[in-house]
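Structural description and commentary
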Amino acid sequence: MYETLYNELLNSLNNGDKCVLTTYLCSNNDGLGIIEDKFFLTEEDINKKSKTLDDGIYEKINDSLLNGKIEMITIDNNKSILIEPFFPKPRLVVFGGGHIAKPLVEFASKVGFSITVIDDRPYFANSTRFPEAERVICEDFQKSFNLIEFKKSDFVVVITRGHRHDKLVLSNVVNNNLSYVGMIGSRRRVKGMMDELLSEGFSKEVLDKVNSPIGLDIGAITPEEIAISIVSQLISFKNKGNSSSKKFAYPEFDKELFLEISKEATIPRAILTIVSSKGSVPRKPGAKMVSYLTGQTLGSIGGGCSEADVLTTARSIMRNKGYSIQKVDMTGDVAESLGMVCGGTMDVIIEVF
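This text gives an overview of the structure that appears in the document. (Residues numbered from 1 in each chain as written. Predicted model: local features only at pLDDT ≥ 70, side-chain atom pairs only at ≥ 80, totals over all residues. Heavy atoms only, no water.)

1. Points about a nonpolar patch on the surface
- Taken together, the side chains of Leu216, Ile218 and Ile228 make up a nonpolar region of the molecular surface, amounting to roughly 260 Å² of accessible area.
- What makes Ile228 partly exposed here is its relative accessible area of 41%. (Patch = residues over 30% accessible without salt bridge, like charges linked within 9 Å, V, L, I, M, F, W, Y side chains within 5 Å. Areas by Shrake-Rupley, 256 points an atom, 1.4 Å probe, with all protein chains shown as cover. Salt bridge = Lys/Arg side-chain N within 4 Å of Asp/Glu carboxyl O. Buried < 20%, exposed > 50% of the residue type's maximum accessible area, 1.4 Å probe, protein only.)

2. Re the sheet that holds strand E1 (residues 19-26)
- In spatial order, the strands read E2-E1-E4-E3; together these four strands make up an open sheet with antiparallel pairing. Lying at the two open borders of the sheet, with one neighbouring strand each, are strand E2 (34-42) and strand E3 (71-74). Taken over all neighbouring pairs, the strand axes of this sheet differ in orientation by 20° on average, direction set aside.
- Relative to strand E4 (residues 79-86), E3 is paired through four bridges, and the arrangement is antiparallel. Bridged to Ile73 within E4 is Ile81.
- Each of E1, E2 and E4 touches helix H1 (residues 3-14); the most contacted strand, E2, lies at about 20° to it. (Pairing = 2+ DSSP bridges. Helix = DSSP H or I, 4+ residues; strand = E, 2+ residues; numbered from the N terminus. Axes fitted to C-alpha atoms, helices over the stretch in contact; angles between N-to-C directions. Contact = heavy atoms within 4.5 Å.)

3. Considering helix H6 (residues 163-173)
- All of the buried residues in H6 are His165, Asp166, Lys167, Val169, Leu170 and Val173.
- On its buried side, H6 packs onto strand E5 (91-95), helix H5 (141-144), strand E8 (155-158), strand E9 (180-183) and helix H7 (187-199).

4. Focus: the pairing of strand E6 (residues 114-119)
- For E6, the buried fraction is high: six of the six residues fall into the buried class.
- Neither face of E6 is exposed, since Ser114, Thr116 and Ile118 on one face and Ile115, Val117 and Asp119 on the opposite face are all buried.
- Two elements, E5 and E6, share five bridges in a ladder whose sense is parallel. When the sheet's bridge partners are listed, Val93 is paired in E6 with Thr116.

Structure representation (structure tokens):
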């Protein structure tokens, strides 16, 4: 019923748009409620108020985008709205495929970045060298800019093999208002390049945003250590640079899971989402999984007994359309009796449509 909606949402995220998915819920006395409506809004839609909604709902939607957290609004005794924020998977574009690039791509991909690597040398620009990269481009640096459409959500690392190439790349990316631009190099070399670009008319304000020398100062020496320092800085900009809110948390987004949800199901299935949590829990709000009546699953909301209980509930309602919210208790005697190491609670919404 809503598969097309998830496909459209996925396309918007792939285009670099921040989005909010809203689900209108109506609860019944038997614990199984009705999903009355679902739609998503891009950040542009929200700013323009393109859909007729109460100001209070728009306020909660903006809060969700600002904090990166799920919001649940109660309309009356039996009606509520679930608001889920989604941010594009951050893309890291690495210019230069040398000795630092290899561990950088490996580590960055492990922490959730989509990677594109560019180098003009076939030996360095190939998928065998960079199996974690979604795209590897072997092309002259100047020509490569025609192959990439930069988005505001992009991160760029400049680690080419020489000053001339670094300057060429930096001069082509620095005015794109990206989430992050970092360039490797000594302070003396970097200052000299910045002075050159200033003399060529580049804005000091723009150049001051370039992170160079690149990475966090952890005394890194080896390529692997330097890669860790760079990835640490990337994580910091991803999690802190996307919002002015100190409570911001980058929303979870599993592209593979969304692709599965956007397909029409031939057998009954349920979508499980953690909507809130307290204390120590294995997964945070926003974590999703898909469960089929056959027992197949994709994704996880924490594993163990807690997940098993929710899956049992999900199977019991899969042949119906609607939703149910289940509380999972991992505190005190409950946790001890089940052998859990966590000590919190979480609410999970089970959706069947």
